[in-house]
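A structural walkthrough
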Amino acid sequence: MSFDSKVVIVTGASSGIGAAIAIAFAKESANVIIVGRNEENLRKVAKQCEINNRIPYVINADITNENDTKRIIDETINKFNKLDILVNNAGILRTVDLSKDDNIMENYDEVMKTNVRSVVDLTRLATPFLIQSKGNIINISSISGRKVFRGQNTLYCMSKAALDHYMRGMAITLGKYGVRVNNVSPGPVKTDIFARAGITASFEEMGFKTLLDRLGEPEEIADIVIFLASDKAKGVTGSIYTSDNGYLLCMQQ
Ligand SMILES: NC(=O)c1ccc[n+]([C@@H]2O[C@H](COP(=O)([O-])OP(=O)(O)OC[C@H]3O[C@@H](n4cnc5c(N)ncnc54)[C@H](OP(=O)(O)O)[C@@H]3O)[C@@H](O)[C@H]2O)c1
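No experiment lies behind these values; they were computed from the predicted model shown.

1. Quick look at the overall build of the protein chain
Check the secondary structure of the protein chain and you find nine helices and seven strands. A compact globule built from 253 residues would reach a C-alpha radius of gyration of about 18 Å, and the protein chain, at 17 Å, matches this within 12%. Based on the C-alpha atoms only, the size of the protein chain along its principal axes is roughly 50 × 40 × 35 Å. Burial status across the protein chain gives 54% buried among its 253 residues. In the protein chain, 73% of the contacts between residues at least 6 apart in sequence involve partners at least 24 apart. Accessible area for the protein chain stands at about 12000 Å²; split by element, carbon and sulfur atoms hold 49% of it. If you average the places of the 30 positive and of the 29 negative side-chain charges in the protein chain, the two averages end up 6 Å apart.

Given below as structure tokens:
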């Protein structure tokens, strides 16, 4: 499943799932553009992407800033002359007590701007080039888009539900151009997303229960992205691929 000569943008590639996705594409000989804000983390991931004599192209950008999203696409096209795959992975979790005015509107704006608005913005800018290449788009959603597990995560769940619907609309819109659009929905994956949301509990203390009695690793999500982005998935569009160790089903037991 080689991606030789393919040009792939991965947002939020400085950490967690995005880093694993970038490294997986680099292993498949793709030209990877890694996007994030944390310079030091970007440098570390870039080093890990130096595989098959390729150096990843690093763009330090805040995807909530429209000048930055324009720069991401402009620099990609200037450097590689095309775009084949857009992976909208960057995302944040915020926990809010909706029964109190716990900075609800600030958190709402931040979550929706990062998890939804920036995806719409970057995708809009990438679309003409993806139509040209008959490329594809993969968004990293979450099983939280299908179920609200904890009231404090509601804003995040809303953002992922919106992302699932956006994917469907884009799949319908771009199908006639041969552009596929899919979402990957992980259950709990061992990354820093919880700590960054101010959650100090360990994964054990958070008490996730799954059918397989394990949590996901970023590399497993990357494997699904690689499959969906490849020609092996040429008939797959408008789909949500779930990798949650059976978490959703477990919650119904
Ligand atoms: N971990 C899970 O359990 C889980 C489950 C389901 C879905 N997901 C989804 O998976 C995706 C990746 O999350 P993760 O778990 O890998 O979390 P993570 O380790 O915290 O990584 C988040 C990434 O998003 C980037 N990011 C956030 N805001 C950004 C902004 N404004 N501009 C540019 N980059 C930004 C961060 O980059 P910088 O720090 O460099 O800014 C970082 O690279 C998210 O969409 C998340 O919702 C995660």
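2. Some remarks on the packing of aromatic side chains
Applying the stated criterion across every chain, the model contains seven aromatic pairs. Where Phe-194 meets Phe-208, the ring centres are 5.8 Å apart and the plane angle is 50°; that geometry is what we call tilted. With Phe-194 in helix H6 (residues 193-196) and Phe-208 in the loop between helix H7 (203-206) and helix H8 (218-229), the pair connects residues that are 14 residues apart, well separated along the chain. Each member of the pair, Phe-194 as well as Phe-208, carries the same accessibility label: buried. Consider the rings of Phe-227 and Tyr-241, whose centres lie 6.2 Å apart with planes at 50°: the pair is tilted. Of this pair, Phe-227 sits in helix H8 while Tyr-241 is found in strand E7 (residues 240-243), placing the two residues 14 residues apart along the sequence.

3. Quick look at the site of the ligand
Close to the ligand lie 32 residues; Ser-14, Ser-15, Arg-37, Tyr-156 and Thr-191 are nearest. At a separation of 2.9 Å, a nitrogen atom of the ligand approaches a polar backbone atom of Ile-63. Between Arg-196 and the ligand, the recorded distance is 2.8 Å, taken from a side-chain N or O atom to an oxygen atom. Isolated, the ligand exposes 890 Å² of accessible area, and the fraction of that covered by the protein chains is 97%. Partitioning the shell around the ligand into residue classes produces 13 nonpolar, 14 polar and five charged.

What counts as what
- Residues numbered from 1 in each chain as written.
- Predicted model: local features only at pLDDT ≥ 70, side-chain atom pairs only at ≥ 80, totals over all residues.
- Heavy atoms only, no water.
- Helix = DSSP H or I, 4+ residues; strand = E, 2+ residues; numbered from the N terminus.
- Rg over C-alpha atoms; globule rule 2.2 N^0.38 Å.
- Buried < 20%, exposed > 50% of the residue type's maximum accessible area, 1.4 Å probe, protein only.
- Contact = heavy atoms within 4.5 Å.
- Areas by Shrake-Rupley, 256 points an atom, 1.4 Å probe, with all protein chains shown as cover.
- Lys, Arg positive; Asp, Glu negative; His and termini not counted.
- Charge placed at Lys NZ, Arg CZ, Asp CG, Glu CD.
- Phe/Tyr/Trp six-rings, centres within 6.5 Å; stacked < 30°, edge-to-face > 60°.
- Near = heavy atom within 4 Å.
- Polar contact = N/O pair within 3.5 Å; in protein donor to acceptor, adjacent residues only side chain to side chain.
- Nonpolar A, V, L, I, M, F, W, Y, C, P; charged D, E, K, R; others polar.

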